[in-house]
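Descriptive analysis of the structure
Below are the chains, spelled out letter by letter.
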Amino acid sequence: MFRVRHGTSKGGGSNLTGEKIMKKPIENSGVVRDYQYELKDIKDPNLLRDQFPYSEVPKVTFSNRLVPFSLPEDFWITDTTFRDGQQARPPYTPEQIVRIFDMLHRLGGPKGIIRQSEFFLYSDKDKEAVQMCLDRGYEFPEVTGWIRAKKEDFQLVRDMGLKETGILTSCSDYHIFLKLKKTRKKALEGYLDVVRASLDAGIIPRCHLEDITRADFYGFVIPFVNELMRLSEESGIPIKVRACDTMGYGIPYPGAALPRGVGEMIYGLIHYGGVPSPLLEWHGHNDFHKVLVNASTAWLYGCAAANGTLLGFGERTGNPPIEGLIIEYMSLKGDRDGIDPTVITEIADYFQDELNYPIPPNYPFVGEEFNTTKAGIHADGVLKNEEIYNIFDTKSILNRPLGVTITDKSGVAGISYWVNTHFRQTGGRKIPKNHPGLVRIQKWVAEQYAAGRITAMSNEEILRQARKHLPEYFISDLDKLKAKALEIAQEIVEEAAATPEVRSMKPVKVEQVLQKLVNDNPFIQFCYVTDTEGIKVTKNITQLGDKAKYKIFSAKEDFSERPWYIGPMKDGATHVTDLYTSKTTNVLAITVSTPIFRKEEIVGILGVDIRFEDLIKSE
């Protein structure tokens, strides 16, 4: 049973100086805890106003205590792209999650430098994504869960067959008193009950010590962790501890005082909390621009795992960017350890091109211009030897050639290099230097400088000229919109065609499905089903305002000569027409048609006419 020490002073006293409450060395998994600490229960919350005045910027204080570096021989990265990362952006689809998960697997390599990835488990889409990732069969990253501190949530973890889950265990008085409306003792009792439930279920609990950088370290955090390690000893099941710098208050400076000093905190969790390094994890936020250096500092002082997200996505200012942690790992380790850093560029391309996330051009390692020197004197040095101003061989390490800027000295050769690098044209796909479009761009650049310009051309300016003079190398915005629209429409139509009601080909049942399809998707203007002879077997299913317009189609309309009918009947696949102007509604439209199968036999064709502009707006 944990011991409680009741505080009497107003605010409870912080007890942050490392005062030992009870001298009693005890062992845990090979780690000797220097002392056991009692919980310091208090009546009023201690909000540490000496460091967090709220009306001013938080204060950095120093304890004048220096603890030694202790970089673990084995340290790694864990991922929260699909948990914390999804709290900062629209949710990923299960298909997008699997695609990103595949890239994390390749990036971390066979040694599992990206060791684990955590997931929500609450919605059907969450569960579908988890199952799809589990079906990949990868050893790394291991799929883990995240749940609230509620016993009933463990059923979610069991149902998915996961071995480990994160549990929210907030540890600052800000959370315990002001949010949970509990005392420290009640909060601790509740957390331990949930941890016991996890152990009873045979699931490894990972306790997320939320807001640890505003917590009473020796009055609550260490007593709590002591109890966790005791439960771990009794059960024989490892209990992990994640130190969560929820508000980004962590300080990497040597001698920085608790609760903000990262080095002092990690040292304390290991030596006073008794947490073995492999069970200790850091989770930071970037509110004060220290997210990556704090994670590295946690590693240096003995924390084995640094938690991050791709591109630093996370609530508010975000988490440690995994691509940054990967480079930091390689730097500290002096070895790639099986990491494939070129995947970082693939990830960046996927976020920009497929997920439509605009990465800032100067974002380290992934921005379009992160390795481009624009100052004229520096650009001159780059032309002589790229190593002068390139951070490392970005071409071989990240598959990102050194960027160049265009000036009046660039000539057609410089413009050719810019264009081919920008569009990643290599080998036989390179745009030749004598391409008339490149010559016209160079002429335009010369005219700008002849008119008195002295600064380098921006990427946006050259890109506009490339669109104008090299249109064949661009996918138009319309083409991208069409592709996205068709993907959405195809999924909707194929799902409807696969329902038992539509497969029955009984008009009343089919019409119920089609009417719901129209009601749920305002961009659909007309739905219909034909038999295998092309004869319409359903009533005109339309939007309410369009019903009168579609009276031109009879109950037994013959569509057997329409391409949208002929195509699916011929090859059994979904077909999509080109854009056309609907004669019925006079709007830009597309038709999506798909076969209706009963077992392996086509029994009909489902067709849907879609207002293209409305479909695009729905996204």
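Placed above this text is the structure.
First things first, this report covers the structure right here in the doc. This structure is a prediction, so every number in the text was calculated from the model and none was measured. (Residues numbered from 1 in each chain as written. Predicted model: local features only at pLDDT ≥ 70, side-chain atom pairs only at ≥ 80, totals over all residues. Heavy atoms only, no water.)

A short note on the nonpolar core
Filter applied, for reference: Note on terminology: a nonpolar core comprises buried Ala, Val, Leu, Ile, Met, Phe, Trp, Tyr and Cys residues joined through side-chain atoms within 4.5 Å. Each residue's exposure class comes from its accessible area (1.4 Å probe, protein chains only) as a fraction of the maximum for that residue type: buried when under 20%, exposed when over 50%, partly exposed otherwise. Secondary structure elements are defined from DSSP: runs of H or I of at least 4 residues count as helices, runs of E of at least 2 residues count as strands, and each element is numbered from the N terminus. The contact criterion used is simple: two residues touch if any of their non-hydrogen atoms lie within 4.5 Å.
Ranked by internal contacts, the top residues of the largest apolar core, which has 101 residues, are Ile100 and Leu269. With ten residues, helix H6 (residues 217-235) is the single largest residue contributor to this core. When residues no more than four places from it in sequence are discounted, the contact partners of Ile100 are Phe82, Tyr92, Leu310, Tyr350, Phe351 and Leu355.

A few points about helix H7 (residues 262-271)
Given 3.6 residues to a turn, an α-helix orients residues that are three or four positions apart in the same direction. The element H7 is largely enclosed, with a buried count of nine among its ten residues. Turning to H7, its buried residues are Val262, Gly263, Glu264, Met265, Ile266, Tyr267, Gly268, Leu269 and Ile270.

Description of the packing of helix H1 (residues 94-108) against helix H2 (residues 124-134)
We apply this condition: Where helices are involved, their axes are fitted lines through C-alpha atoms of the stretch in contact, as for all axes, and angles between N-to-C directions lie from 0 to 180°. The hand of a helix crossing depends on one turn: near helix anticlockwise from the far one by less than a right angle means left-handed, and clockwise means right-handed.
Running from N to C, H1 and H2 point in directions that differ by 35°, and their axes come no closer than 9 Å. Crossing of H1 against H2: the hand is right-handed. Of H2, the residues touching H1 (which contributes Pro94, Glu95, Ile97, Val98 and Phe101) are Lys125, Glu128, Ala129, Met132 and Cys133.

Regarding the environment of Lys536
Inclusion rule: Definition of a polar contact: a pair of N or O atoms within 3.5 Å, with one able to donate and the other able to accept a hydrogen when the atoms are protein atoms, and with sequence-neighbouring residues admitted only if both atoms are side-chain atoms.
Here Lys536 is to be found in the loop between strand E13 (524-530) and strand E14 (541-542). The exposure class assigned to Lys536 is buried, which follows from its relative accessible area of 1%. In contact with Lys536, not counting residues within four places along its chain, are Tyr528, Val529, Thr530, Phe553, Ser554, Ala555, Lys556, Glu557 and Phe559. A polar contact is formed between the side chain of Lys536 and the side chain of Asn540, at a distance of 2.9 Å. At a separation of 3.3 Å, a polar atom in the side chain of Lys536 contacts the main-chain carbonyl oxygen of Ser554.

Side note on the environment of Pro91
In this structure, Pro91 sits in the loop between strand E5 (76-79) and H1. When the C-alpha positions of Pro91 and Asp126 are compared, they lie 9.7 Å apart, and in sequence the two are 35 residues distant. Beyond its immediate sequence surroundings of up to four residues, Pro91 is in contact with Gln86 and Gln96.

Quick look at the pattern of salt bridges
Basically, it comes down to this: A side-chain nitrogen of Lys or Arg and a carboxyl oxygen of Asp or Glu constitute a salt bridge if their distance falls within 4 Å.
According to the stated counting rule, one finds 27 salt bridges in the structure shown. With a shortest N-O distance of 2.7 Å, Lys59 and Glu56 are connected by a salt bridge. Judged by its relative accessible area of 32%, Lys59 falls in the partly exposed class. A salt bridge links Arg230 to Glu234, with the shortest nitrogen-to-oxygen separation between them at 2.6 Å. Taken together, the residues span about one helical turn, with Arg230 and Glu234 both in helix H6 at a distance of four residues. Beyond isolated ion pairs, a larger network of salt bridges with shared partners links Arg83, Glu118, Glu164, Arg206, Lys240, Arg242 and Glu281.

Observations regarding the pairing of strand E9 (residues 204-209)
In plain terms, the rule: Paired strands, as defined in this entry, are two strands with at least two bridges between them according to DSSP.
In terms of residue burial, E9 counts as a mostly covered element, since five of its six residues are buried. The pairing of E9 with strand E10 (residues 240-244) spans four bridges and is parallel. Paired with His208 across the two strands is Arg242, which belongs to E10.

A word on the sheet that holds strand E12 (residues 305-308)
Strand order in the closed barrel formed by eight strands is E5-E6-E7-E8-E9-E10-E11-E12, and the pairing between neighbours is parallel. Neighbouring strand axes in the sheet, compared pairwise and without regard to direction, differ in orientation by 30° on average. Relative to strand E7 (residues 142-147), strand E6 (residues 114-119) is paired through four bridges, and the arrangement is parallel. Paired with Glu118 across the two strands is Thr144, which belongs to E7.

Digging into H1
The test is simple: In this scheme, a helix's expected span is set at 1.5 Å multiplied by one less than its residue total.
Helix length check: H1, at 15 residues, gives a terminal C-alpha distance of 21 Å against a target of 21 Å (1.5 Å per residue), a fit within 8%. With respect to burial, H1 is a largely interior element, eleven of its 15 residues being buried. Taken as a whole, H1 has its buried residues at Pro94, Gln96, Ile97, Val98, Ile100, Phe101, Asp102, Met103, Leu104, Leu107 and Gly108. Where H1 is buried, its residues contact E5, E6, H2, E7, helix H9 (322-333) and helix H10 (343-354). Gly109 sits one or two residues past H1 and shows a positive phi near 75°.

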